[in-house]
Structure formats: C-alpha cells, structure tokens
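Topology and contacts: notes
Okay, here's what each chain looks like letter by letter:
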Amino acid sequence: MRPLWRCRNCGAEWPCQPARLALLTEYRNDRTALLLFLGVLMTEASGQLHQFHPDRTVNLMERFMSWARAG
C-alpha cells in the first residue's frame, strides 16, 4: 500500500516475510535484477515516507536490500 509502504495482505512493513519469499522465488535466477528492482522501490519509498515523517530519518537499507543480498 503506497505511499505507506505496508503489505496489502498482512499490514506489515513491505516487504514483509511473505513478500520477500515471493520476490526470492520470482527472481531466483537473477539476484542482480532483484537488487536493482528493490533499489528503485527503496528510492521511491524513501521519498514517500519522508513526506509522512519529514522530521525523522528512515533507514530503509535493511528493510529493502540487506535481506536480498544473502546467498
């Protein structure tokens, strides 16, 4: 659910565990493409979440990227 970046199914911060599993399955043969996709979404989320919390810095690296790097 944009611009809040919550899962439509469970309401957790996106990407939640089910979304991560689905993304890993979808991109199982192309981890680089997954990281590029997540990087684009992280940039979009950063801008949108900043509008809701302009006084706070949100670190999205762990949420969007770190979990996808593991092999």
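Below or above, wherever it landed, is the structure these notes cover. (Residues numbered from 1 in each chain as written. Predicted model: local features only at pLDDT ≥ 70, side-chain atom pairs only at ≥ 80, totals over all residues. Heavy atoms only, no water.)

What to know about unusual backbone geometry
Of the consecutive residues R2 and P3, the connecting peptide bond is found in the cis state with omega at 10 degrees. Cis peptide bonds are those with omega within 30 degrees of zero, and the linkage from W14 to P15 qualifies with 0 degrees. Along the polypeptide, P15 turns up in the segment before α1 (17–26). For W5, which is not a glycine, the phi torsion comes out positive at approximately 55 degrees. Note that W5 resides in the segment before α1. Residue W5 is classed as buried on the basis of its relative accessible area, which comes to 3%. (Helix = DSSP H or I, 4+ residues; strand = E, 2+ residues; numbered from the N terminus. Buried < 20%, exposed > 50% of the residue type's maximum accessible area, 1.4 Å probe, protein only.)

Side note on the packing of α1 against helix α3 (residues 61–69)
Two packed helices can be described by the angle between their axes and the distance between those axes. Viewed as axis vectors pointing N to C, α1 and α3 meet at an angle of 40 degrees, and their least axial separation amounts to 11 Å. What the angle tells us is that α1 and α3 run oblique. Between α1 and α3 lies a crossing of right-handed hand. Across the interface between the two elements, R20, L23 and L24 of α1 pack against E62, R63 and W67 of α3. (Axes fitted to C-alpha atoms, helices over the stretch in contact; angles between N-to-C directions. Parallel < 35°, antiparallel > 145°, perpendicular 65-115°, else oblique. Left-handed = near helix turned anticlockwise from the far one by under 90°. Contact = heavy atoms within 4.5 Å.)

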